[in-house]
Amino acid sequence: MLCALFALSAMMPEEAAAQPAGRQCWNEGWTFTKDGETRTLDLPHDWGVEQPFLQENPGETGKLAWWGKASYRKPLTVSADDLKKNLRLEVDGAFSNAKVYVNGSEAGGWPYGYASWSVELSPWLREGENQIEIRLDNKPESSRWYPGGGIYRNVWLTRTQKTSVAHWGTFVTARVRDGHARVVQQVTLRADRPQTACIWTRILYKETQPGRIIEHVVADTRSFEQIYDGRTVRQTFRVDDVRLWSPESPQMYLARTTVIAEDGTEDVYETPFGIRSAQWKADGFYLNGKRTFLKGVCLHHDAGALGAVWNEDAWVRRLEMLRKMGCNAIRCSHNPPAPELLDLCDRMGFLVMDELTDTWTWSKKPNGYATLFEDWAEKDLVSMIRRDRNHPSVILWSIGNECGEQGDSTRWWIPQMLTDICHREDPTRLTTAGNDNPWASTQPYASTLDVYGFNYKPHLYADFRDAHPGQPFLGSETASCVSTRGFYRFPVEEDKGKGWVMEAPFQVSSYDLYAPGWASKPDVEWQYEDQVPECAGEFVWTGYDYLGEPTPFNLDPSVFTNFHTEEEKAAYKAMLESWGQTVSDVPLPSRSSYFGILDLAGFPKDRYWLYQARWAPEVPMAHILPHWTWPGREGQVTPVHVYSSADEAELFVNGVSQGRQKREGYRFVWNGVVYRPGSVEVVAYKDGREWARDKVVTAGKAARVKAYVDYAGKDLTYVTADIVDKTGNLVPDAGNTVVFSVKGPAEILATDAGDPTSHVSFSSPELPAFHGKASAIVRRTGRGAVTVTVKAKGLKTSTLSL
């Protein structure tokens with residue numbers, strides 16, 4: 001079950017951007033060895049998320065044992081014809097300190113677990129069977145969040161002719177003018193000897209019609225070139241009637257390059273790209289000449305119950321939910337993402353801040369990236385840029401996050417060096433970083449970045465605009481509001497630190513008023529964005545809950561880096577000390593974050609509708625919180641909030657008006673509402689007309705399980721189970737244990753309910769519902785009918801046909 005659970009390559013991955021024709025997915029049939037145990041599995045694979053949650057493991061990295069040493073082995077049969085070619089192994093991501101051995105000889109490797117890289121195999125290969133081995137060494141105390149362990153992204157085996165395009169050897173740029181584009185492609189070549197070769201490139205776009213895909217060639221050029229190993233050839237094209245890439249219309253082109261060598265061998269290399277203009281100005285970001293506010297979220301690389309394993313279906317689901325919320329941008333925090341994530345952003349129309357690292361030379365963890373920086377920072381940055389620079393979705397290179405060197409003027413050469421490398425490798429994009437030191441924004445440090453990124457400092461926007469005229473800036477990390485889906489704490493207090501207590505159930509109130517000391521509720525960020533319209537946008541921390549970093553129930557001392565005054569540090573230290581006494585009696589169980597707009601299972605929290613009101617104001621919507629099932633609170637004050645972009649709203653409790661309000665911000669608040677069972681309804685108005693309604697009712701006793709498909713992808717289906725009463729209302733306090741099972745060619749891959757304190761293994765088909773909901777990820781294993789059954793003791797069973 002574990003192998004099936006976290007080795008997901010049965011679905012053939014769609015190939016990433018910029019690749020040779022001789023590239024094949026090489027995920028199947030690896031022999032995995034760790035801690036003396038050996039088994040066969042398919043990649044991608046994360047050994048950490050297979051482990052049980054253990055209370056004694058650090059909550060900051062998910063209470064999962066992701067550290068340790070392991071190896072992956074696979075035979076490779078090489079023909080005599082293969083020996084006439086170049087063979088390389090391409091690894092999209094392996095955590096971490098990877099070394100590759102071919103027939104027992106070390107052939108290469110890469111230490112940074114988030115980097116993509118390749119190893120030339122040909123020098124060590126022989127005709128017949130060869131043995132490929134990848135050894136990993138995941139060191140403890142090397143991450144501030146759950147990093148995963150293993151070869152958790154795709155692996156590729158690539159065969160090319162001796163004369164071919166180099167790995168990541170194309171760079172396509174375009175300038176748009178008067179309806180046409182001037183496209184330039186730089187092609188870097190490999191050759192075993194100097195020679196004359198024909199370089200032929202066609203620019204085309206693909207049109208999908210029922211049952212077929214039609215390719216339209218829009219430009220074509222070929223030339224005979226004197227080439228040698230490493231030479232770069234420049235090709236120029238004119239594309240008429242250009243189809244511009246944008247979030248609203250993510251149109252893609254393809255450059256198909258054929259290299260014909262003197263000996264007649266041909267090698268084909270394809271580069272997907274988009275044509276668009278991207279400009280940063282003093283008053284914000286302009287895409288295709290139109291000012292575009294970045295409505296972004298930060299995302300870590302795990303996919304909830306799947307751990308760090310890359311799976312396309314999981315990420316399409318996540319991105320679709322964000323898009324419906326009005327999100328148009330992603331910050332890859334704090335590392336290069338899986339290349340396929342950028343492919344999805346290209347196809348689905350998201351703008352991307354592509355980030356290198358969380359650390360420079362000032363260490364945050366004893367075995368963290370600071371140990372690699374001197375030898376590997378340039379290699380990692382060049383790898384990221386050359387891999388990703390053809391993606392139209394990528395609009396910024398982020399060179400770091402909250403790096404301590406901000407406060408040390410003797411180390412400002414570091415961001416300058418990284419910015420210079422970015423400009424050398426890609427002159428078309430600007431640089432940024434996530435900065436949390438207020439002093440640094442007033443110093444020459446600011447000029448080491450093209451676009452200044454503020455982490456949680458919206459009160460500095462106006463000062464920065466005035467002190468640095470012409471320099472763009474944005475909120476690189478904003479809000480960090482914390483909440484638990486479906487959990488509400490009374491009395492409701494405005495103090496941002498009063499939404500939780502250090503005792504069971506270790507949850508945070510979902511009134512969306514609460515945040516750690518360095519952070520704020522979303523409304524504060526928006527207040528400053530409105531006051532300073534030059535701000536180019538924001539990236540909320542975070543779009544989804546993620547494994548690890550369970551602030552406010554987080555004792556990781558690296559959190560101190562978020563504070564920059566002695567008073568703030570002293571206050572936080574006192575809080576940790578008081579918590580330490582509590583922890584000795586009641587250990588902190590939390591294993592995942594509370595920051596997400598959606599929870600770890602992918603269920604929206606109330607905050608989802610608050611951001612939708614701000615980011616998609618054209619959507620008729622009103623959302624009431626809290627739920628209205630409060631046995632024991634009869635007669636007590638139970639404030640009601642409504643999220644909406646409407647101009648006015650009127651609230652009714654059991655049909656009685658509680659007053660009509662005009663909107664201030666995006667939340668309407670009725671603080672004096674007294675709880676009485678029944679219903680709460682809101683009628684929202686815009687321009688004097690009814691705009692939207694929402695209604696919540698008091699639920700009865702749990703009566704049945706309601707199962708339905710939340711998302712159906714090519715390989716995975718997400719099934720949600722709601723605990724409902726006899727009339728179909730969600731029972732918001734239900735925690736019944738539910739059991740998922742399947743019949744037919746499928747399996748239960750993972751389950752979750754979004755509870756950040758749950759220690760039930762993701763591999764278990766049985767788990768408690770959390771605030772009335774649970775989720776199962778079903779993986780199809782073959783063709784044929786599949787039936788999913790969800791049971792809960794004492795409740796009516798639900799059966800679902802896929």
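The rules behind each value
Residues numbered from 1 in each chain as written. Predicted model: local features only at pLDDT ≥ 70, side-chain atom pairs only at ≥ 80, totals over all residues. Heavy atoms only, no water. Helix = DSSP H or I, 4+ residues; strand = E, 2+ residues; numbered from the N terminus. Rg over C-alpha atoms; globule rule 2.2 N^0.38 Å. Buried < 20%, exposed > 50% of the residue type's maximum accessible area, 1.4 Å probe, protein only. Contact = heavy atoms within 4.5 Å. Areas by Shrake-Rupley, 256 points an atom, 1.4 Å probe, with all protein chains shown as cover. Disulfide = S-S within 2.5 Å. Phe/Tyr/Trp six-rings, centres within 6.5 Å; stacked < 30°, edge-to-face > 60°. Axes fitted to C-alpha atoms, helices over the stretch in contact; angles between N-to-C directions. Parallel < 35°, antiparallel > 145°, perpendicular 65-115°, else oblique. Left-handed = near helix turned anticlockwise from the far one by under 90°. Nonpolar A, V, L, I, M, F, W, Y, C, P; charged D, E, K, R; others polar. Pairing = 2+ DSSP bridges. Right-handed = clockwise from strand over helix to strand, strands pointing away.

Notes on the overall build of the chain
Here is step 1: Helix and strand counts for the chain come out as 9 helices and 44 strands.
Here is step 2: Taken against the 2.2 N^0.38 rule, which gives 28 Å for 802 residues, the C-alpha radius of gyration of the chain at 27 Å falls within 12% of a compact globule.
Here is step 3: Counting only C-alpha atoms and orienting by the principal axes, one finds that the chain spans roughly 90 × 60 × 55 Å.
Here is step 4: In the chain, buried positions account for 60% of the 802 residues.
Here is step 5: Excluding contacts between residues fewer than 6 apart, the proportion of contacts in the chain whose partners are at least 24 apart in sequence is 70%.
Here is step 6: For the chain, the accessible surface area stands at approximately 29500 Å², while carbon and sulfur atoms represent 49% of it.

Description of the state of the cysteines
Here is step 1: Scanning all chains against the criterion turns up 0 disulfides.
Here is step 2: Between Cys-298, a free cysteine, and Cys-332, which holds the nearest cysteine sulfur, the sulfur-to-sulfur gap is 9.7 Å.
Here is step 3: The exposure class of Cys-332 is buried, given its relative accessible area of 4%.

Side note on the packing of aromatic side chains
Here is step 1: By the definition in use, this model includes 40 aromatic pairs.
Here is step 2: Plain terms: the ring middles of Phe-506 and Phe-553 are 5.6 Å apart, the flat faces sit at 85° to each other, and that makes the pair edge-to-face. Residue Phe-506 is located in the loop between β28 (473–479) and α7 (522–531), and its partner Phe-553 is located in the loop between β29 (537–541) and α8 (566–585); the two are separated by 47 residues in the primary sequence.
Here is step 3: Each member of the aromatic cluster is reached from another via a ring pair, and the members are Trp-412, Trp-439, Tyr-445, Tyr-452, Phe-454, Tyr-461, Phe-464 and Phe-473.

As for the packing of α7 against helix α9 (residues 607–615)
Here is step 1: Across the interface, α7 lies against α9 with an axial gap of 12 Å and an inter-helix angle of 10°. In terms of orientation, α7 and α9 fall into the roughly parallel class. As α7 runs across α9, the sense of the crossing is right-handed. Seen from α7, the contacting residues are Pro-522, Asp-523, Trp-526, Glu-529 and Asp-530; seen from α9, they are Arg-607, Leu-610, Tyr-611 and Arg-614.
Here is step 2: Among the residues forming the contact of α7 with α9, the class breakdown is 4 nonpolar, no polar and 5 charged.

A look at the pairing of strand β25 (residues 394–401)
Here is step 1: With 8 of 8 residues buried, β25 lies mostly within the body of the structure.
Here is step 2: With 4 bridges joining them, strand β24 (residues 351–355) and β25 adopt parallel strand pairing. Each bridged residue has a counterpart across the sheet, and for Glu-355 the counterpart in β25 is Ser-398.
Here is step 3: As for the winding sense of the linkage, the β-α-β connection from β24 through helix α4 (residues 373–388) to β25 is right-handed.
Here is step 4: For β25 and strand β26 (residues 430–435), the ladder comprises 4 bridges, and the chain directions are parallel. Within β26, the position partnered with Leu-396 by the bridge is Leu-430.

Thoughts on α4
In an α-helix, one turn spans 3.6 residues, which is why side chains three or four residues apart end up on the same side.
Here is step 1: Those residues of α4 that fall on the buried side of the exposure criterion are Phe-373, Ala-377, Asp-380, Leu-381, Val-382, Ser-383, Met-384, Ile-385, Arg-387 and Asp-388.
Here is step 2: Of the surrounding secondary structure, the elements contacted by the buried residues of α4 are β8 (105–110), β12 (164–177), α3 (339–348), β24, β25 and α5 (413–425).

What to know about the pairing of strand β15 (residues 212–227)
Here is step 1: Taken together, the 15 bridges between strand β14 (residues 195–209) and β15 define a ladder with antiparallel strand orientation. Within β15, the position partnered with Ile-203 by the bridge is Ala-219.
Here is step 2: Count of turn residues in the β14/β15 antiparallel hairpin: 2 residues, of which Gly-211 carries a positive phi of about 80°.

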